[in-house]
Amino acid sequence: MRVIICGAGQVGYNIAAYLSREDNDVTVIDILPDLVAKVNETLDANGIVGHASNPDVLSAAGAADVDLMIAVTQSDEVNMVACQVAHSLFNVPKKIARVRDRAYMKPEWSNLFTRAHMPIDVIISPEMEVAHAICERLRVPGTTNVMRLAEGRVHLVGVMCGDNCPVINTPLKQLTSLFPSLSLKVAAIIRGQQAIIPNENEQMYAGDEVYFFTDTDHLQRAMAAFGHQEKEARHVTVLGGGNIGMYLTRILQEQSPQTRIRVIEHNLARAMTLSEQLRGISIMHGDGLEPKTLEDADMANTETMVAVTDDDETNILAALLAKQAGCERVISLVNKVSYTPLIKFLDIDAMVTPRAITVASIMQHVRRGRIKALHSLRDGFAEVIEAEVSDTSSIVNTEIGRIKLPRDVLIGAIVRGDDVLMPQPDLKIRSGDHVIVLATQAQARKVEKLFLVHVDLF
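To keep things clear, this report deals only with the structure shown in the data block. (Residues numbered from 1 in each chain as written. Predicted model: local features only at pLDDT ≥ 70, side-chain atom pairs only at ≥ 80, totals over all residues. Heavy atoms only, no water.)

1. Focus on the side chain of Asp208
Inspection of the secondary structure assignment puts Asp208 in the loop between β10 (194-196) and β11 (209-215). In this structure the side chain of Asp208 is engaged in a polar contact, spanning 2.8 Å, whose partner is the side chain of Arg191. (Helix = DSSP H or I, 4+ residues; strand = E, 2+ residues; numbered from the N terminus. Polar contact = N/O pair within 3.5 Å; in protein donor to acceptor, adjacent residues only side chain to side chain.)

Written as structure tokens, this is what we have:
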């Protein structure tokens with residue numbers, strides 16, 4: 001398939017990396033020569049310098065023959081116009097655009113993105129996606145990461161193993177005998193800088209970050225098995241009243257009306273705007289790095305503080321100060337990938353990376369066919385693939401214990417009708433099963449062969 005990606009920033013670059021690895025013909029457009037040079041030097045893709053909305057540039061990129069355009073430049077307007085030009089002049093079949101400004105998302109303007117006006121097939125709002133991701137972590141306290149799979153029937157959850165974790169120093173093969181009625185499958189272990197797809201003889205140690213699949217109905221029991229029985233927060237403070245902070249506050253207000261929410265915003269004008277738009281929410285004007293502000297925000301009695309300013313260092317330091325002031329749990333928004341490993345060494349309960357969330361959101365709209373969804377784990381260390389088993393699949397009517405899985409690939413769960421089944425050696429895969437597989441990035445292509453399908457873009 002032929003794809004044009006408008007924007008070679010972090011999001012555009014990573015999408016290009018995913019698609020080019022799968023032998024797609026990828027062209028990336030950006031106005032910055034340095035970013036285009038990076039694409040040409042490091043990826044099996046073609047980089048072009050130019051404005052993504054310029055018809056001549058799109059023509060030179062081969063827009064007349066492409067199957068998909070993904071517009072993720074820094075400008076909402078450039079993304080929208082690029083999609084409009086791609087549709088009107090080049091008849092590009094599918095167009096995905098990143099749009100940040102919440103004004104474009106208002107219900108009263110919902111007909112803007114119809115085929116009769118501005119024909120964009122999928123709109124991705126990074127701020128909204130990040131807000132929802134944070135809400136998932138708030139709903140399942142004690143987690144470092146949460147993924148809802150198979151339309152919410154399965155969860156992939158990341159947790160830190162503390163010294164008092166009941167299952168540390170225990171071979172994974174013994175978990176079934178310890179918890180015979182618990183639907184749980186350990187999928188990955190992050191130990192220091194090492195990422196492990198474990199076999200049944202592997203053990204978990206204190207300090208490990210562990211990812212496991214579980215039936216959603218068993219989620220609380222699974223968390224308890226790892227020593228996490230934190231209660232859902234009823235007193236939340238949001239540091240940063242930008243788009244993410246506003247979206248997060250509105251979602252919490254709508255979905256958890258019993259939760260007390262306070263927003264701390266450093267900019268006075270923005271704080272006044274928030275006080276007008278967020279009725280029933282306590283808005284404070286102050287600096288989250290000042291002890292007096294944290295004291296005035298009653299941080300000692302706050303269950304969770306979420307730092308979502310536009311500055312990584314502020315988010316990290318404010319989270320640490322909030323913990324020092326008595327806050328039970330802190331979550332930080334972090335854009336720089338290099339900061340992610342610090343979570344193990346800092347007293348921060350979870351970090352949220354907007355780029356990884358945005359890339360995963362876009363990729364879910366790119367893949368179709370038997371591959372139902374794809375999710376990125378820990379900034380691309382592994383991929384979680386949801387696929388449907390066909391009648392002609394090489395694994396249909398085969399017991400899991402007899403399937404020759406590639407190295408660093410494991411089956412995490414099988415959804416069969418209304419049932420969620422954890423993988424057992426004697427469990428036979430049937431046609432129509434919804435299989436959830438975790439694989440390292442290097443092995444993800446081999447997973448496709450198990451289902452005898454090509455990963456189509458449409």
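Having seen the structure, we can now continue with the description.
2. Structural notes on the nonpolar core
Counting residues in each nonpolar core, the largest one holds 43 residues, and the members touching the most others are Ile5, Ile15, Leu19, Ile70, Ile96, Ile362 and Ile429. At 7 residues, the largest contribution of residues to this core is made by helix α1 (residues 10-21). Composition of this core by domain shows at least three residues from each of domain 1 (2-124) and domain 3 (357-451). Ignoring sequence-local partners within four residues, the contact set of Ile362 consists of Val11, Ile15, Ile70, Val72, Ile96 and Ile124. One finds Ala133, Ile134, Ile251 and Leu274 within the second-largest nonpolar core, a separate group that totals 27 residues. (Core = buried A, V, L, I, M, F, W, Y, C linked by side-chain atoms within 4.5 Å. Buried < 20%, exposed > 50% of the residue type's maximum accessible area, 1.4 Å probe, protein only. Domains from an automatic or database assignment. Contact = heavy atoms within 4.5 Å.)

3. Concerning the sheet that holds strand β6 (residues 122-124)
Paired through backbone hydrogen bonds, the strands of a sheet run either parallel or antiparallel to each other. Taken together, the 6 strands give an open sheet; going across it, the order is β3-β2-β1-β4-β5-β6, and neighbouring strands pair in parallel fashion. With partners counted over all chains shown, the strands left at the sheet margins are β3 (46-49) and β6, one partner each. Neighbouring strand axes in the sheet, compared pairwise and without regard to direction, differ in orientation by 15 degrees on average. Pairing analysis gives 3 bridges linking strand β5 (residues 94-98) to β6, with the strands arranged parallel. Its bridge partner lying in β6, Ala97 is registered against Ile123. (Pairing = 2+ DSSP bridges. Axes fitted to C-alpha atoms, helices over the stretch in contact; angles between N-to-C directions.)

4. Section: the pairing of strand β16 (residues 329-333)
Judged by how many residues are buried, β16 sits mostly within the fold: 5 of 5 residues are covered. Burial along β16 is two-sided: the residues Arg329, Ile331 and Leu333 and Val330 and Ser332 are all buried. Here strand β15 (residues 304-307) pairs with β16 via 4 bridges, running parallel. Counted as the bridge partner of Thr304 is Arg329 from β16. For the segment spanning β15, helix α11 (residues 312-324) and β16, crossover handedness is right-handed. (Right-handed = clockwise from strand over helix to strand, strands pointing away.)

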